[in-house]
Amino acid sequence: GGMGASIAYWLKQRAQHGLSVVVLEKDPTYKECSTTLSVGGLRQQFSLPENIQMSLFGADFIRRAKEHLGNDVELNFQPLGYLMLSTEEGAQTLRENSRLQNELGARNEILTARRLKEKFPWLNTDGIALGCHGLEKEGWFDPWALLYGLKKKSLQLGAHYVNGEAVGFEFKD
């Protein structure tokens, strides 16, 4: 699915003809792969710097997908932001995570229960102390289109796709 196609794309993008890449696909229709079954969400609201930085990289890649994968790849990114909510017990952690995310380049805002109700009038804020709302680079995209684009481009770069399933590995020095 998406992980194999992404790895093939990045390896071939970097190594070009210096590396042979084979992707072993159990289901070439991708009918049951997690990529095509996912909602295609993109967020930066994490607590570890590495996760935030990887997601910011992913947001830039998605924003520039046509440059990377070709003009026929339309990911239909919807930049609506994620909304994380906390009770009073988790409010300090949410604040700290938001501060870290903003320091690393993710943009989000902390909202009190009153501000949450103003911004999202349909939201039940009973028991909610704070919310953290992503202001940019967060939202949803078409995961099938991303998989298609990565696979198509990796094939153009020389990767090979084989239908099959790995049942074991043998290692030799």
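Please refer to the structure placed before this passage.
What counts as what
- Along each chain, the written sequence defines residue order, and numbers are assigned to residues from 1.
- Residue-level local features of this predicted model are given only where pLDDT is at least 70; pairs of side-chain atoms are given and counted only at 80 or more, and the full residue set underlies all totals for whole chains, interfaces and linings.
- With hydrogens and water stripped out, all remaining heavy atoms of the structure feed into the side-chain values.
- Residues enter a nonpolar core if they are buried and are Ala, Val, Leu, Ile, Met, Phe, Trp, Tyr or Cys, with the set joined through side-chain atoms within 4.5 Å.
- A 1.4 Å probe rolled over the protein chains alone gives each residue an accessible area, and that area as a share of the maximum for its type sets the label: buried under 20%, exposed over 50%, partly exposed in between.
- Secondary structure elements follow DSSP: runs of H or I of four or more residues count as helices, runs of E of two or more count as strands, with numbering from the N terminus.
- The contact definition used throughout considers only heavy atoms, calling two residues in contact when any of these lie within 4.5 Å.
- Here the term cavity refers to a set of points on a 1 Å grid, laid over the protein atoms alone, in which a 1.4 Å probe fits but cannot get out; the term pocket refers to an open set having protein on both sides within 12 Å along at least five of seven lines, with lining residues being those that place an atom within 4 Å of a point.
- Grid points are joined across faces, edges and corners, and a volume is the space filled by probe spheres set on the points.
- Classification convention: Asp, Glu, Lys, Arg as charged; Ala, Val, Leu, Ile, Met, Phe, Trp, Tyr, Cys, Pro as nonpolar; all other residues, Gly among them, as polar.

1. Observations concerning the nonpolar core
Okay, so step 1: In terms of nonpolar packing, the biggest core is built from 23 residues, with L69, L75, L146, L150 and Y161 touching the most fellow members.
Okay, so step 2: Every element with two or more residues in this core is listed here: α1 (2–15), α3 (49–63), α4 (65–69) and α7 (143–156).
Okay, so step 3: Once residues lying within four places of it in the same chain are set aside, the contact partners of L146 are F61, L69, L75 and F141.

2. Focus: the layout of surface pockets
Okay, so step 1: Size it by volume and the largest pocket reaches roughly 730 Å³.
Okay, so step 2: As for the largest pocket, its lining consists of 22 residues, of which M3, S6, G58, F141 and L146 are closest to the centre.
Okay, so step 3: Considering every element that reaches the lining of the largest pocket, the biggest residue donor is α3, with six residues.
Okay, so step 4: Lining the second largest pocket we find 14 residues, and of these A59, D60, I62, R63 and F77 sit closest to its centre.
Okay, so step 5: Of the residues forming the lining of the second largest pocket, the biggest block, five residues, is contributed by α3.
Okay, so step 6: Broken down by class, the residue content of the lining of the second largest pocket amounts to eight nonpolar, one polar and five charged.

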